[in-house]
2 protein chains.
Amino acid sequence: MRLKTMGLAIAMLLAPAAQADEGMWMPSQLPDITEQLRKAGFRGKPAELADLTKAPLNAVVKVGGATGAFVSDQGLVLTNHHVAFGVIQYNSNAQRDLIRDGYVAADRSEELPANPDFRLLVTTGFDKVTDKVLADAHGKTGRAYYDAVDAAGKALVAECERAGGVRCSVVTMFYGRDFYLVKQLELRDVRLVYAPPRAIGNYGDEVDNFVWPRHAGDFTVLRAYVGPDGKPADYAKENRPYVPPAHLQVARDGVNEGDYVMLAGYPGITYRHRSAAEFADQVEWRLPTAVATMKALQDVIEDAGKADAQAKIRYASQLQSLKNGIKRFSGELEGLQRSDAVSVRRKDEAAMLAWLGKQPDARTLRPRIDAAMAEIAAGNVGRERDLLLGLLQSQTQLLRSALRLQRLAHERGKPDAERESGYQQRDEELIAGQLRQVQRRYDPAVEKRLLTTLLTRYQQLPAAQHLPEFDAAFGRTPAELMGTLDRVYAATKLGEEAQRLQGLKAAPTELAVSDDALLKLAAKLQPALLRLDDERKAREGELLRLRPAYMQALIAYREQQGRAVYPDANSTLRVSYGKVTPLKARDAVSYAPLTSTAGIVEKNTGTEPFDAPKPLLDAIAKGDYAGYLDPKSGTMPVDFLSNLDTTGGNSGSPVLNAKGELVGLNFDSNWEAVSASWMFDPRYKRAIHVDLRYMRWLMDKVYPAHWLLAELGTPAR
Amino acid sequence: MRLKTMGLAIAMLLAPAAQADEGMWMPSQLPDITEQLRKAGFRGKPAELADLTKAPLNAVVKVGGATGAFVSDQGLVLTNHHVAFGVIQYNSNAQRDLIRDGYVAADRSEELPANPDFRLLVTTGFDKVTDKVLADAHGKTGRAYYDAVDAAGKALVAECERAGGVRCSVVTMFYGRDFYLVKQLELRDVRLVYAPPRAIGNYGDEVDNFVWPRHAGDFTVLRAYVGPDGKPADYAKENRPYVPPAHLQVARDGVNEGDYVMLAGYPGITYRHRSAAEFADQVEWRLPTAVATMKALQDVIEDAGKADAQAKIRYASQLQSLKNGIKRFSGELEGLQRSDAVSVRRKDEAAMLAWLGKQPDARTLRPRIDAAMAEIAAGNVGRERDLLLGLLQSQTQLLRSALRLQRLAHERGKPDAERESGYQQRDEELIAGQLRQVQRRYDPAVEKRLLTTLLTRYQQLPAAQHLPEFDAAFGRTPAELMGTLDRVYAATKLGEEAQRLQGLKAAPTELAVSDDALLKLAAKLQPALLRLDDERKAREGELLRLRPAYMQALIAYREQQGRAVYPDANSTLRVSYGKVTPLKARDAVSYAPLTSTAGIVEKNTGTEPFDAPKPLLDAIAKGDYAGYLDPKSGTMPVDFLSNLDTTGGNSGSPVLNAKGELVGLNFDSNWEAVSASWMFDPRYKRAIHVDLRYMRWLMDKVYPAHWLLAELGTPAR
């Protein structure tokens, strides 16, 4: 009955009435959708959520690439175990394995400093700067448009950061239509307060990744500190807890099926408003091709690992990330096919263009929309090559280091403000950190085989996609390629950390004439990569200029459908609302929206990743749940499921009830929702949250930290 | 919450109120549980179901090791696709692949004869013969008791079969307490009328085996024929349809969640009333050991199949059956552990014995119960060896044939009535059939490797379990074993069908001195096997004598709990009742009790086993379901789930609604219920049925056979 169901799905996605809680709203949009929010069950005032620099939304912070929230007036921050995993790992060693055992600070003095590059960002400014950003761009096209936007943005950022203690950035909403300057306080002294053992925080690990029903206690408690002067500071003993401008209140009760919930966080990127052609490219070419290529790399690493135990260890993390990516892309593909996304988007776009044809502004908008479409199509011409070069730069360690050093040297030849993003003075510390990490993640034989896999595919591409510099450097045949790689990797000294860091210190002119084989190779390739970068920027400039016409048409079209449009996600603070919702995943298969501790025991095998700690199993057997049980089911909740609109970056996002109290922490999506970065299908899109009743029970009865419960305002029972 | 849940489970299993539809009732017991049946929703008169030789229960027939039912007054029989699979296979060849394409007879003249050894058995007599069976046994013990029972049984069978055209057997209920003489009409001309393609009848195959939600149309329609004189006859063109004494009426409506259903069939064997020690043996030793050994055999066959395509085909069926067995045993183990069966049974037995201690007949019963326990424990001493010898006889083709020929020769030296069951004159035709089948299922290299696997394990057993005859025949070392097998299999002529059938004709004395290497080997092993048989029978005799004391105590104990006791299954006709029931399989996971055609499309991958035929997919896309939709869900049903008490042998059992109309055909259990042969856990025990609405829709719209629908009394819509 696929066809029939699909018809229904299309109707649900397109009909104004069935907007179905889709949306990652800018806080400033919330007053516009007051009626929707009320209908959904929200009991607060949307206007009070409109400013993300004011309470309560300024309690929501950025943690690494994810989200967290202040939960006490003494700087306590709640985020996911997997978001704070680096902090836990940094504090672990053979004598004290906090990953295995978890950590409970007995009091504030026992809180452990995070790794020095760990940061908490508190948004303190969010100002519309569209006019400033576009002032110089008007009348320009392509690369010039891009450069004007880029330069204006960099100038705004530099000015904003001049005072110090803040990170600034310029972001665009609606793909070039609006620009905002984001100002964030950067807290550098963050400490570990409470973490459950891995077998709680990451119960089920990869086996349960993207899986509902889930049984992980994926939370960790941190605390932000500032200097005695109240300003951001590096770790120091005399620092004192940061007093946040606002904090969220942990709820005393939980939620159950049908209850209103909302979530605030920093979703990374979505493509919901991309054109139908981009949907088709993603489903018909990009996802299947990326999966096939990444699987080839996975095979190389697994094969090498069979013969070489050290290589296996060194590439464990890269392999894991490849497998994750393959699983994610495959799931996205499967989901987009299941939702018939290409056809749904095509019909929607065709309807929009037909409607636009009858509007007065069609005459100005339509040509720009057509030009944007042509630009998008032109960008696909080299897509096979670009995918391979992207993997070449992300999946190698030494070649990537050499390319980065050469690029940095190149950029250092310019004034700092004109340097490429990621290669400015403010980025150099990060680059140094990356160059240091190479040591533990590199094996020459494996890197050569990975390169062989990628470049053999490159060699087979049609001539139009070839780059003379690459052909000259690697040859046109597999034999030439093999000869080059053998020669270069035998000769280079970049495998030594000191040599790489030396490259960081060297003057640009020195690097350009370096006699290191790999640095020389990178120098040869650089002009081609710079040229591709130029072409890409020219295209991006055109799209920044033209895509707003598409967005303008879409927004107007939706408006007459009675629907508001949220901008695609871009790592800025967004709010989504919805309800605790079960999932009908397949014919005759239903998943309830709450899991319980009984499920921990059911899944438990005693071996990783289902090796719940004995104290937890004992506490479950004892069943001392008074004050924490879900009243409706009479069971002790662990995780819950909602239809909230989330994507990567929403990890750690606080989940609030209708009164704005904290009831959960977002930490994953279900498998069926992986495609939601392109299309929100209300039948399948769900988000997975830790139930804070579980956290509080653990803190009360299993790994007690009653002083923390008191600070959270939810004392032990 | 395992402990808590378990506590609940124990309560549910033991409390009188919560008998929870458990029970495979002898029809004669149904009047005793009238109140239960009424409460469950049955609308007929239990007394009308009390006689299995009268309508309607005499419409239920035995088909192979499974069940079927007459569904028209012209001998139409409904059973599972997998039960009739041999018939479909027998009629298939390269030109006409009925497995792939299914079969729809256009009219009666196109009905295809089944394989000649295919039988339908209609029960025509079921008489209590306890006094006759035990008359000579009184006062005896052990082997003498066994022989007395055996001889009395054989005499009854011989007398019963004297008239011809019937198969008779003596069965015991309650492990030696009661004996019945079963008389069955044996219909030998059975024809194939309607079979769906494999991709419908066995949609999902092994992947979906024991799986709910399920989407298989596991049914086939046969017709029984008799000679022109109305008596059972071999196939002949002039035969005419058998007019059964009764037939079931296919319902015009279906069932949905909560509806009463009941089922009649021939469940093979259950162990629900075995002792706690036997439960422990099963869970702690037998299941894990059998799984490990069968996996070793599976490895051998799969490995051989990689190198040899012909061997792969020849062992496909044996491999399938091994994999099925492994999966089944693993599931049984998992389920018994999940239900904490050993501990539940131990507590129940202890409570029963404690209660018995306070009863007046404890003085006579308790010593006999203790003696039974001791006998059971003694039987475990050689269990490792016995398991290996069992597999040696079931998993080889040629050695099994040789052993069977020698055993037959041995038995032929006795009067027919004294021969071992399975080796009497009446069994010789069956043995001949088996000897013929060897041809297509045998490869000498594979058989040698299977034997090596089993006998190497035998060689490693402690001395106490060794048999001098086996040690002499196969040697005590792997090298000797290999030498023997190579020599014997190189020399034997039993690989030729003619030679095997020749062995069947040969006089016993001829075989004993045969110079065929394998027949000689079998002759050497035979004394050991006969000795083990003797020991087993002596034990069985003791248990036949003593176990009724255990059953008597149990029945009395249950009676004061307010519960009736059904005898463990023994391939006799039983009735179970219950309702259409969803399954809460795991924390937060619920399965609805009806699947729909939408699920066929969801599962479909286009490749086996999820390769639904195009006509089916087209019909689903068309959605022409008028008259067949489930009114509650508005979907087209495929299979449904109930809590009916079933076990192996119940395949093909008719599932009836409260009015006694046929609504489904049982064909599988869920994975969680595999352990139900030992323990009925109401939380997990479910049975899986084809919904006859699906069968009727297929016959109406997809692979039409309107003449059949008319004969079934449910004409095309």
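Residues numbered from 1 in each chain as written. Chains lettered and ligands numbered in written order. Predicted model: local features only at pLDDT ≥ 70, side-chain atom pairs only at ≥ 80, totals over all residues. Heavy atoms only, no water.

What follows is about the overall build of chain A. Secondary structure assignment for chain A yields 26 helices and 20 strands. Projected onto its principal axes, the C-alpha coordinates of chain A cover approximately 70 × 70 × 55 Å. The burial tally for chain A puts 58% of its 717 residues in the buried class. Here chain A has roughly 28,500 Å² of accessible surface; of this, 53% comes from carbon and sulfur atoms. Side chains of chain A give 94 positive and 91 negative charges; the mean places of these two sets differ by 2 Å. (Helix = DSSP H or I, 4+ residues; strand = E, 2+ residues; numbered from the N terminus. Buried < 20%, exposed > 50% of the residue type's maximum accessible area, 1.4 Å probe, protein only. Areas by Shrake-Rupley, 256 points an atom, 1.4 Å probe, with all protein chains shown as cover. Lys, Arg positive; Asp, Glu negative; His and termini not counted. Charge placed at Lys NZ, Arg CZ, Asp CG, Glu CD.)

Residues and elements named next belong to chain A. Domain parsing of chain A yields domain 1 (57–241) and domain 2 (282–548). With centres defined by C-alpha atoms, the gap from domain 1 to domain 2 works out at 26 Å. Taken residue by residue, the interface counts 19 residues in domain 1 and 22 residues in domain 2. For the pair domain 1 and domain 2, the summed buried area comes to about 1,700 Å², and 54% of that belongs to carbon and sulfur atoms. The largest share of the area that domain 1 buries against domain 2 comes from Arg143, Tyr146 and Lys154, three residues that together contribute 34% of it. Inspection of the domain 1/domain 2 interface yields 2 salt bridges. For Arg143, the salt bridge identified is with Asp534, shortest N-O distance 2.5 Å. Linking domain 1 with domain 2 are 6 residue pairs in polar contact (both at pLDDT 80 or more). (Domains from an automatic or database assignment. Contact = heavy atoms within 4.5 Å. Buried area = accessible area lost by both parts, 1.4 Å probe. Salt bridge = Lys/Arg side-chain N within 4 Å of Asp/Glu carboxyl O. Polar contact = N/O pair within 3.5 Å; in protein donor to acceptor, adjacent residues only side chain to side chain.)

Okay, the relation of the copies chain A and chain B next. The transform that puts chain A on chain B rotates by 179 degrees and translates by 0.3 Å along the axis, for an RMSD of 0.7 Å. The relationship between the two copies is best expressed as a two-fold rotation axis. Minimal C-alpha distance to the rotation axis in chain A is attained by Ser590(A), lying at 2.4 Å. Mapped onto chain B, 96% of the interface residues of chain A are again interface residues, and the two copies thus contact each other with one and the same surface. (Least-squares fit on C-alpha atoms with pLDDT ≥ 70 in both.)

Attention now moves to the interface of chain A and chain B. Facing the 24 residues of chain A at the interface are 24 residues of chain B. Between chain A and chain B, roughly 2,000 Å² of surface is buried when both sides are summed, and carbon and sulfur atoms account for 57% of that area. The interface formed by chain A and chain B includes 0 salt bridges. Viewed at the interface, chain B and chain A are joined by 9 residue pairs in polar contact (both at pLDDT 80 or more).

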